[in-house]
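Structural description and commentary
Listed below are the residues making up each chain.
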Amino acid sequence: MFPTFPRWGRTCGSIFYVDAIDRKILAVLQEDGRLTITELAARVGLSVSPCHRRLRELERGGTIRGYRAIVDASALGLTFQALVFVTMRQEDRDTLLGFEEAVARVPEVVQAQRLFGDPDYLLRIVTADLTAYQELEDDVLSALPGVQRLNSTLVMKHVVNDRPLPT
């Protein structure tokens, strides 16, 4: 039986659902996305064919958006992180879209979120060190379209990082 709330996954009319087996598949893949379909099927208690069919449905439906490696930033020399709160001068559609398109092109911005209230955006930035961050803020971030104010908070320590989504 389908749960009573809509989720992405198997279709029922025009609404998509994720059932308990799909959730198990998602939980296992979030822990190890490199499993073979045979290993995945064994872990979730399905035979290979139905597991493969469910996996493809989750991929086609957009529940699984892709697969990637989680890379240790410090192994790449990116040991400095900052959270940057951005307040915009004005919040008209063109200004916001211009800012969002520009910030998407800055490789040091690894996460950007639009917020309700003030500030307007939260950016997570990675750089090699404080000097590199200072140059990025002065030369790039402050020049982004519509920016009125930047307020930076430095990351001291990651307590929870890259946690799988609850299923």
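Quick caveat: nothing in here was measured; it's all calculated off a predicted structure.

**Examining the overall build of the protein**
Secondary structure summary: the protein contains five helices and six strands in total. Reported as C-alpha extents along the three principal axes, the dimensions of the protein are approximately 55 × 40 × 25 Å. Sorting the 167 residues of the protein into buried and exposed places 30% on the buried side. A total accessible area of about 11,300 Å² is found for the protein, and carbon and sulfur atoms account for 54% of it.

**Examining helix α1 (residues 20–31)**
Note: α-helices contain 3.6 residues per turn, so residues at a spacing of three or four share the same orientation. The first and last C-alpha atoms of α1 sit 17 Å apart over twelve residues, in line with the 16 Å expected at 1.5 Å per residue. Those residues of α1 not exposed but buried are Asp22, Arg23, Ile25, Leu26, Val28 and Leu29. The N-capping residue of α1, defined by a side-chain oxygen 3.1 Å from the backbone nitrogen of Ile21, is Asp19.

**Digging into the pairing of strand β4 (residues 109–114)**
As paired elements, β4 and strand β5 (residues 121–127) share five bridges and run antiparallel to each other. Residue pairing for β5: Arg114 is matched across the bridge by Tyr121.

**Some points on the pattern of salt bridges**
Note that side chains of opposite charge can pair when their charged atoms are close. Within the structure shown, the criterion is met by four salt bridges. A salt bridge links Arg54 to Asp22, with the shortest nitrogen-to-oxygen separation between them at 2.8 Å. In this pair, Arg54 sits in helix α3 (residues 48–60) while Asp22 sits in helix α1, placing the two residues 32 residues apart along the sequence. Note on accessibility: Arg54 and Asp22 belong to one class, buried.

**With respect to the nonpolar core**
Taken as a class, soluble globular proteins show a tendency for nonpolar side chains to be buried jointly. Val84, Val86, Phe99, Leu123, Ile125, Leu141 and Leu144 are the most contacted members of the largest nonpolar core, which totals 20 residues. Looking at this core, the elements that each hand over two or more residues are β3 (80–88), α4 (93–104), β5, α5 (130–139) and β6 (147–154). Here the element with the most residues in this core is β3; it accounts for five residues. Val18, Leu26, Cys51 and Leu58 belong to the second-largest nonpolar core, a separate cluster that totals 13 residues.

The rules we used
- As a convention, each chain's residues are numbered from 1 in the sequence order in which they are written.
- Local features are withheld for residues below a pLDDT of 70 in this predicted model, meaning they are given only at 70 or higher, and side-chain atom pairs are given and counted only at 80 or more; totals for whole chains, interfaces and linings count all residues.
- Each side-chain value is worked out from all heavy atoms of the structure, with water and hydrogens disregarded.
- For helices the rule is a DSSP run of H or I covering at least 4 residues; for strands it is a run of E covering at least 2, with both sets numbered from the N terminus onward.
- Buried, partly exposed and exposed residues are distinguished by accessible area as a fraction of the type maximum, computed with a 1.4 Å probe on protein chains only: under 20%, between the cut-offs, and over 50%, respectively.
- For every accessible area listed, the method is Shrake-Rupley and the probe measures 1.4 Å; residues are considered covered only by the protein chains on display.
- The length a helix should cover is 1.5 Å for every residue beyond the first.
- Here a polar contact is taken to be a pair of N or O atoms separated by no more than 3.5 Å, where protein atoms must pair a possible hydrogen donor with a possible acceptor and residues adjacent in sequence count only if both atoms sit in side chains.
- For two strands to count as paired, DSSP must find a minimum of two bridges between them.
- Salt bridge, as applied in this entry: a Lys or Arg side-chain nitrogen positioned within 4 Å of an Asp or Glu carboxyl oxygen.
- What we call a nonpolar core is a set of buried Ala, Val, Leu, Ile, Met, Phe, Trp, Tyr and Cys residues that are connected through their side-chain atoms within 4.5 Å.

Distances and angles like these do not, on their own, reveal function.
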